[in-house]
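The lines below spell out each chain.
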Amino acid sequence: MNWNSSATVYFIVAVKDQGLWVHHFLKQLTIASLLSGDTNFHVIIADFQSKDINMSEVFSTSLLRSRHTIINLMGKFYKTLALNKAAEAVPNTHDIIFVFDLHIDVPADIMDSVRKNTIAGRMVYCPAVGRLDQGSNSAEHRGFWQMDGYGLVAMYKSDWIRVGGMNTKDYKYKWGGEDWDLLDRVLMASLEVERIKYPGLYHHYHSKQKQWN
């Protein structure tokens, strides 16, 4: 299996009133890009009318200005629909879709790791996330590896189309299960799933207020 070292990685994220965490994600991504020298990425934000952040302003840096797309959505937060809308905006079937989460640190070499472990027509990448305990941080990283969650997933857009993307019919406004549903269809399409406990890919404890459930 040959990996494409020049593939563009598209981080796709669904957002509603998570301004502080958008700042965290973009700061982490900027640091990762500066440390690695990797600028071959793009961020697609599907935003449900967030009131706590000026989304255009936060992307006005020299690095991010030309590497982002904002999709404005209305109504109740609908994560699966938002992710599908973001995936539709990825311009090329040879680009990599990387479903991400705002509350997670971005390791410096994450984009190359995505490219190495995502093979068109063959392999999907689901790095395992380390969930930090309340009060813990990235330096001491007290917590556990969440092996039963597949919320972070990378695949080529061609494979996203092949498996049908997110299930918007059965997973509208409730939380949980949409990742397993996608995983089932990935496996039924005879795609392998690469699963790695990724050091530095830590999920910070946060309040569930204003979340989609």
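You'll find the structure just up there.
Basis of the calculations
Residues numbered from 1 in each chain as written. Predicted model: local features only at pLDDT ≥ 70, side-chain atom pairs only at ≥ 80, totals over all residues. Heavy atoms only, no water. Helix = DSSP H or I, 4+ residues; strand = E, 2+ residues; numbered from the N terminus. Rg over C-alpha atoms; globule rule 2.2 N^0.38 Å. Buried < 20%, exposed > 50% of the residue type's maximum accessible area, 1.4 Å probe, protein only. Lys, Arg positive; Asp, Glu negative; His and termini not counted. Charge placed at Lys NZ, Arg CZ, Asp CG, Glu CD. Salt bridge = Lys/Arg side-chain N within 4 Å of Asp/Glu carboxyl O. Contact = heavy atoms within 4.5 Å. Core = buried A, V, L, I, M, F, W, Y, C linked by side-chain atoms within 4.5 Å. Polar contact = N/O pair within 3.5 Å; in protein donor to acceptor, adjacent residues only side chain to side chain. Phe/Tyr/Trp six-rings, centres within 6.5 Å; stacked < 30°, edge-to-face > 60°. Lys NZ or Arg CZ within 6 Å of the ring centre and 35° of its normal.

Notes on the overall build of the protein
And then number 1: Looking only at helices and strands, one finds six helices and ten strands in the protein.
And then number 2: Computed over its C-alpha atoms, the radius of gyration of the protein comes to 16 Å, within 12% of the 17 Å expected for a compact globule of 213 residues.
And then number 3: With 213 residues in all, the protein has 51% of them scored as buried.
And then number 4: The averaged location of the 22 negative side-chain charges in the protein is 4 Å from the averaged location of its 23 positive side-chain charges.

Concerning the pattern of salt bridges
And then number 1: One pass over the structure, following the stated rule, counts five salt bridges.
And then number 2: Measuring nitrogen to oxygen at the nearest pair gives 2.7 Å for the salt bridge that ties Arg115 to Asp38. On the criterion of sequence distance, the pair formed by Arg115 in helix 4 (residues 110–116) and Asp38 in the loop between helix 1 (19–36) and strand 2 (41–47) is long-range, its members being 77 residues apart. In this structure, Arg115 and Asp38 share a single accessibility class: buried.
And then number 3: A salt bridge links Asp181 to Arg185, with the nearest nitrogen and oxygen atoms 2.7 Å apart. Note that Asp181 and Arg185 are positioned in helix 6 (residues 178–188) at a spacing of four residues, about one turn of the helix.

Details of helix 3 (residues 79–88)
And then number 1: Taken as a whole, helix 3 has its buried residues at Thr80, Ala82, Leu83, Asn84, Ala86 and Ala87.
And then number 2: In this fold, the buried residues of helix 3 make contact with strand 1 (9–15), strand 2, strand 3 (68–72), strand 4 (96–99), helix 5 (157–163) and helix 6.

Observations concerning the nonpolar core
And then number 1: In this structure, Phe11, Phe25, Phe98, Phe100 and Ile110 are the most contacted members of the largest nonpolar core, which totals 35 residues.
And then number 2: Those elements that provide at least two residues to this core are strand 1, helix 1, strand 2, helix 2 (55–58), strand 4, helix 4, strand 8 (153–156) and strand 10 (197–203).
And then number 3: Setting aside residues no more than four positions away along its own chain, Phe100 makes contact with Phe11, Ile12, Val13, Phe25, Asp105, Val106, Leu152 and Leu201.
And then number 4: Counting residues in each nonpolar core, the second largest holds 30 residues, with Ile71, Val99, Met166 and Leu191 among its members.

A look at helix 6
And then number 1: Within the sequence span of helix 6, burial applies to Glu178, Asp179, Asp181, Leu182, Leu183, Arg185 and Val186.
And then number 2: Contacts from the buried residues of helix 6 go to helix 3, strand 5 (123–125), strand 8, helix 5 and strand 9 (192–194).
And then number 3: Directly beyond the C-terminal end of helix 6, a positive phi value near 65° is found at Ser190.

Remarks on the side chain of Asn117
And then number 1: Note that Asn117 resides in the loop between helix 4 and strand 5.
And then number 2: At a separation of 2.8 Å, a polar atom in the side chain of Asn117 contacts the main-chain carbonyl oxygen of Ser113.
And then number 3: Beyond its immediate chain neighbours, meaning those up to four positions away, Asn117 contacts Met123, Val124, Tyr125, Glu194 and Ile196.

Considering the packing of aromatic side chains
And then number 1: Inspection of every chain in the model, using the stated rule, returns eight aromatic pairs.
And then number 2: Summarising the aromatic geometry, the rings of Phe11 and Phe100 are spaced 5.5 Å apart at their centres and angled 85° between planes, so their arrangement reads as edge-to-face. Of the two residues, Phe11 is situated in strand 1 and Phe100 in the loop between strand 4 and helix 4; the sequence distance between them amounts to 89 residues.
And then number 3: Residue classification places Phe100 among the buried positions, given a relative accessible area of 6%.
And then number 4: Ring geometry for Phe98 and Phe100: centres 5.2 Å apart, planes at 65°, overall edge-to-face.
And then number 5: Classification of Phe98 by relative accessible area gives buried; the value is 0%.
And then number 6: Pairwise contacts between aromatic rings join Phe11, Phe25, Phe41, Phe98 and Phe100 into one cluster.
And then number 7: Residue placement shows Arg195 over the ring face of Tyr150; its charged tip is 4.1 Å from the ring centre.

Some points on the environment of Ser6
And then number 1: One can find Ser6 in the segment before strand 1.
And then number 2: According to the relative accessible area criterion, Ser6 is exposed, its value standing at 51%.
And then number 3: Between the C-alpha atom of Ser6 and that of Arg115, which follows or precedes it by 109 residues, the distance is 8.2 Å.
And then number 4: Among the polar contacts listed, one links the side chain of Ser6 to the side chain of Asn4, at a separation of 2.8 Å.

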